[in-house]
Every structure is written in C-alpha cells, then in structure tokens.
Amino acid sequence: MLARRRFHREDITFSDETQYKTSRDSLLTGRDLFAASTDEGFILHGETPVVYNQSQEKDTRMVEKSESRVEPKVTPHNGITRVYQADNVTENPHEFIVKYKGRKYDIQNLLKKHPGGSRIMKPYKGLNVDEAMVTNSHSIAAFHLFEEFVQSNQEEYQEIERLVDWNAPLLSQVGSLGDRYWEWVNLPVNRPIRLFASNGLERLTVTPWYMVPAVWIPIIFFLLYRGCSIDLKGNFVDSIPQISFAISWGILLWTFLEYTLHRKLFHMKPPADSKIFITLHFLLHGLHHKAPFDEQRLVFPPVPAMLLAVVFYTAYEMVFPVAMMNFAAGGVAIGYLCYDMTHYYLHYGSPKAETYMYVMKRYHNYHHFSYHDEGFGISSRLWDYVFGTAITLRNLKKAIEW
Ligand code: HEM
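- An unreviewed UniProt entry lists the chain under the name Fatty acid 2-hydroxylase isoform X5, with Neodiprion lecontei given as the organism.

### Quick notes on the overall build of the chain
Line of reasoning, step 1. Scanning the chain from terminus to terminus reveals 14 helices and 10 strands.
Line of reasoning, step 2. Relative to its full complement of 402 residues, the chain shows a buried share of 47%.
Line of reasoning, step 3. For the chain, restricting intrachain contacts to residue pairs at least 6 apart in sequence, the fraction spanning at least 24 positions comes to 68%.
Line of reasoning, step 4. Total accessible area computed for the chain in this model is approximately 21000 Å², and 61% of it derives from carbon and sulfur atoms.

### Describing the environment of Leu204
Line of reasoning, step 1. Relative to the helices and strands, Leu204 resides in helix H7 (residues 199-205).
Line of reasoning, step 2. Residues Leu204 and Val303, spaced 99 residues apart in sequence, show a C-alpha to C-alpha distance of 9.5 Å.

### Quick look at the coordination of the iron atom of the ligand
Line of reasoning, step 1. Every protein donor of the iron atom of the ligand is accounted for by His114 (NE2) and His138 (NE2), and the metal-donor separations fall at 2.0 to 2.1 Å.
Line of reasoning, step 2. For the iron atom of the ligand, the six donor atoms in the first shell make angles of 87 to 180 degrees at the metal, a pattern classed as octahedral. Within this pair, whereas His114 is found in the loop between strand E10 (103-106) and helix H3 (130-135), its partner His138 is found in the loop between H3 and helix H4 (140-147), the two being separated by 24 residues in sequence.
Line of reasoning, step 3. Take His138: its relative accessible area is 28%, and that puts it in the partly exposed class.

### Digging into the UniProt feature "transmembrane region" (unreviewed entry) in the chain
Line of reasoning, step 1. Under the UniProt annotation, "transmembrane region" (unreviewed entry) lies at residues 209-227, 239-261, 298-316 and 322-339.
Line of reasoning, step 2. Taken end to end, residues 239-261 is 96% helix and 0% strand, and its first and last C-alpha atoms sit 32 Å apart.
Line of reasoning, step 3. Counted over residues 298-316, helix gives 79% and strand 0%. Its end C-alpha atoms are 27 Å apart.

### With respect to the pattern of salt bridges
Line of reasoning, step 1. Using the criterion set out here, one finds seven salt bridges in the structure.
Line of reasoning, step 2. A salt bridge links Arg119 to Glu401; its shortest N-O distance comes to 2.9 Å. Residue Arg119 is found in the loop between E10 and H3, and its partner Glu401 is found in the segment after helix H14 (382-386); the two are separated by 282 residues along the sequence.
Line of reasoning, step 3. The class for Glu401 is partly exposed, based on a relative accessible area of 41%.

### As for the packing of aromatic side chains
Line of reasoning, step 1. All told, the structure shown has 26 aromatic pairs when counted by the stated rule.
Line of reasoning, step 2. Taking 6.4 Å as the distance between ring centres and 50 degrees as the angle between the ring planes, the aromatic pair formed by Phe256 and Phe387 counts as tilted. Of the two residues, Phe256 is situated in helix H9 (residues 240-266) and Phe387 in the segment after H14; the sequence distance between them amounts to 131 residues.
Line of reasoning, step 3. Between Tyr344 and Tyr348 the ring centres are 5.3 Å apart and the planes differ by 25 degrees, which places this aromatic pair in the stacked class. Linking Tyr344 with Tyr348, this pair stays in helix H12 (residues 322-348), spanning four residues, or about one helical turn.
Line of reasoning, step 4. Ring pairs connect the aromatic residues Trp166, Tyr181, Trp182, Trp184 and Phe282, which therefore count as one cluster.
Line of reasoning, step 5. For Lys361, the ring lying beneath its charged end belongs to Trp402, and the centroid distance is 4.9 Å.
Line of reasoning, step 6. Lying across the ring of Tyr363, Arg381 places its NZ or CZ 5.5 Å from the centre.

### Topic: helix H13 (residues 356-369)
Line of reasoning, step 1. With 14 residues, H13 extends 20 Å between its outermost C-alpha atoms, agreeing within 8% with the 20 Å of an ideal straight helix rising 1.5 Å per residue.
Line of reasoning, step 2. The buried fraction of H13 amounts to 11 of the 14 residues, a majority that puts the element mostly inside the structure.
Line of reasoning, step 3. Along H13, the residues classified as buried are Tyr358, Met360, Lys361, Arg362, Tyr363, His364, Asn365, Tyr366, His367, His368 and Phe369.
Line of reasoning, step 4. Each element contacted by the buried residues of H13 is listed here: H4, H9, helix H10 (275-290), H12 and H14.

### A few points about the pairing of strand E9 (residues 97-100)
Line of reasoning, step 1. Alternating residues of E9 divide into Ile97 and Lys99 and Val98 and Tyr100, and every residue in both groups is buried.
Line of reasoning, step 2. Examined bridge by bridge, E9 and E10 share four bridges and lie antiparallel to one another. Its bridge partner lying in E10, Lys99 is registered against Lys104.
Line of reasoning, step 3. Between E9 and E10, which pair antiparallel in sequence order, lie two residues; one of them, Lys101, sits at a positive phi of approximately 45 degrees.

Calculation criteria
Residues numbered from 1 in each chain as written. Predicted model: local features only at pLDDT ≥ 70, side-chain atom pairs only at ≥ 80, totals over all residues. Heavy atoms only, no water. Helix = DSSP H or I, 4+ residues; strand = E, 2+ residues; numbered from the N terminus. Buried < 20%, exposed > 50% of the residue type's maximum accessible area, 1.4 Å probe, protein only. Contact = heavy atoms within 4.5 Å. Areas by Shrake-Rupley, 256 points an atom, 1.4 Å probe, with all protein chains shown as cover. Donors = N, O, S within 2.8 Å, 3.2 Å for Na, K, Ca; no water. Tetrahedral: all angles 85-135°; square planar, octahedral: opposite > 155°, others 65-115°. UniProt positions renumbered as here; feature names shortened; annotations may be inferred. Salt bridge = Lys/Arg side-chain N within 4 Å of Asp/Glu carboxyl O. Phe/Tyr/Trp six-rings, centres within 6.5 Å; stacked < 30°, edge-to-face > 60°. Lys NZ or Arg CZ within 6 Å of the ring centre and 35° of its normal. Expected span 1.5 Å × (residues − 1). Pairing = 2+ DSSP bridges.

Right under this line is the structure:
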C-alpha cells in the first residue's frame, strides 16, 4: 500500500524508495518521510526542507526553488518546521495554513490583502513563519492583525478585541472605550464594521467606490460650466491660460486640504473622557483604521463630502477673484476625486513595481500599520516632506507583488 502512495511539497513529488537528503544531512527515504505523516499531512521535526535527491542527479527544480526564495531558517527549539501534505489527504483549496509560535493560522483571506504582497507568502503554505515574520520586520499592528486568522483558541486570543461586542453595532460602544480607544482603533482587524442595528441607517453609512465619480464628475462639470458661462460670460478661448491657472491652483489647494484634514482632523486624538468626540472620531476616520479591508467604508460618503464642499466654496469666494472662483473650486473637486479614487486603488489595486502607485501603496500601508502619525499624503507625499512627516520606505530585496 505504502509503495503506491506518493506525497508532495508544492510541485515536488516524493516517492517511497528514493532517498532524500535533508539540510541536517540525514538521509530519509520517501517511505521514512511518509511514516512520519499524520492524517493532516507530514510533519518533519527539526529538519529543513528536503533539498537533494540522492538517487538522481541534483534535482534542479528543487534547488532553484529553494535558492530563489527567502527560506525560514531552522530554529531547533521551535520543533515543527514544515508540514507536508500527503496526496491522499484532501487539501482544502480554501485554506492556506501557516504555523506561528506553535499555533495554526489560516491566512487564505489575507493573501490578497497582505501589504507585503501575496507572492512572497505563497511559498510558506503549510510552513512555520516564526522566522519570516521577524526577518521581514513586522509592526505591532501586523502581529495583532495576524491573530485574526488564528484557528485554535479563536475565542481567547485578544484581550483588547473583547473590549467591544463584535456581534453588536459598534457606534454606540466605542465611546465607552475611554483611554483604551486610541490603542484599540489603531490595531486593525480583518472584519467588516457594523455601526447601527437598523439596516436602513447602516445602508446610509456605506459607500461603494463608484458613488464618488458618479456624484463628483457632474459637480465638476457644473462648476466649470458656471465658470465659463457666468464668470467669463462666454469669453472662453481668450481665458484658457487663466482657467488652467485657476484649476491648477484648485488642485494644489486640494493636496494641502487632503494633508491637513487627514492629519489635523482625522487623526486628532479624542479626549479619553469624551464619548462624543471618540464616537465622532470613529465615524470620521477611526473605523477605516480599525477595519482597513472593509471595502464599503473606504471612500468618503458623498453627503458629508458635499456639506464640507459647501463650507469650502463659501471660503473660496473670499480668497479667489470672481472670475477664477468656479474654476478653482472645480480644481479642488478634481483633486478630491483623484484623491478618493487613488485611496481606493491603494487599498485594492495591485500596482507594478517602480510605478508611482506602487510607491504610494507601500507608503499608505506604512501609514496604516506602522506609522499612524506620519505619511498623511495619499495622492502625493508633497506636504509630508514640507511638514516633516514623510516616511522612508525600507529597501526590499524583491519587489512586492500584490
Ligand atoms: C509568510 C511570511 C511573511 C512574509 C515573508 C512577509 C513579508 C512582508 C514584507 C516584505 C513586508 C514589507 C512591505 C513593504 O515594505 O512595503 C510586509 C509587510 C506587512 N506584512 Fe507581512 N509577511 C509575512 C506574513 C505576514 C502575516 C502572516 C501578516 C499578518 C497579518 C503580515 C502582515 C503584514 C503587514 C500588516 C505589513 C505592513 C507593514 C507592517 O505593518 O509591518 N505579514 N510583509
């Protein structure tokens, strides 16, 4: 029976009578390896992966593979190093199990969202990531988020997440977190947020991304049209340089607003004894930091955005000459639209290495997980440099692939 059984690691199939050499120089036959298998797969204690096939020439596929990736080193005291899946074990395609500090985590749902990209994690399927988590240094937020995926002790794992009842609407609870709120809100989870018990109210608080262009593109055209027909009285062609200037000013002004609102308003720490301020902070921005993967709460809902826009529009009247005002307002609205779409893309897009968006996505990930008090620019880093809050991205050996 045994002779017909074969098992594999990724694309490598091990057969019974063939000898395999491990990194500790012990020779094991496929049969030995299989004898140590369990119903869940094969667990090899204290050995690094099989790298050399004795009965054949060097197995170049394997060697190439093991050299071209970052392998976790063996830490003998941590016992289990690798878990090999047997062919006859039904592998659940919806699971991606890794081990960390002796516990099992199913990170299938993290792969696409992982700020370090999905490709770098793929080789670790079934493996221990103790070392990988440290050599690729990870923030406290990353380790907290990791616990979201733990399979065992699900109920007990985080003292801090039990401060609220995740089965009840959160908005009425966060105010009571008091001095624990700031710590709680900056530790991300991989769950959607429920604010209200009422479905109707709840629906008002979520915004699919396409609502933003659907609402703001007509507003932009309206502002530009107003500028041409009222401010310039149809004298459009002669005024092109003036119009371009006003729109550019508007866009630049937006980048400044984006930075200032994000830094001074969205990241303003609410007083621990004020339930109202804590709740407002959570509503405005806290929920996005608590649940950064909640796609429905990523872009700014159009209704409060328009209320803010009305306030700003009144202010433009004081700042810009009448002939420029609507164009400048149009420029601000264009800047805002680009910002919100960029923000969505930074969370959900997969930009290629060396592109502007690739850098901005990494930059924004650092803001979310490691440096909450820096990296406030989303569409650009301009004002972070001006005000000394720029984040330096670390050099990576390999480009991230999301
Ligand atoms: C399998 C092993 C893993 C490897 C090799 C790995 C690798 C990386 C790398 C290279 C980065 C840096 C990205 C950059 O500089 O832009 C990164 C960032 C990050 N990773 Fe992982 N990662 C692993 C597992 C995990 C796991 C299990 C989590 C759990 C949540 C996680 C969460 C994060 C987070 C939140 C960041 C953003 C930066 C930070 O907060 O530290 N990673 N990872």
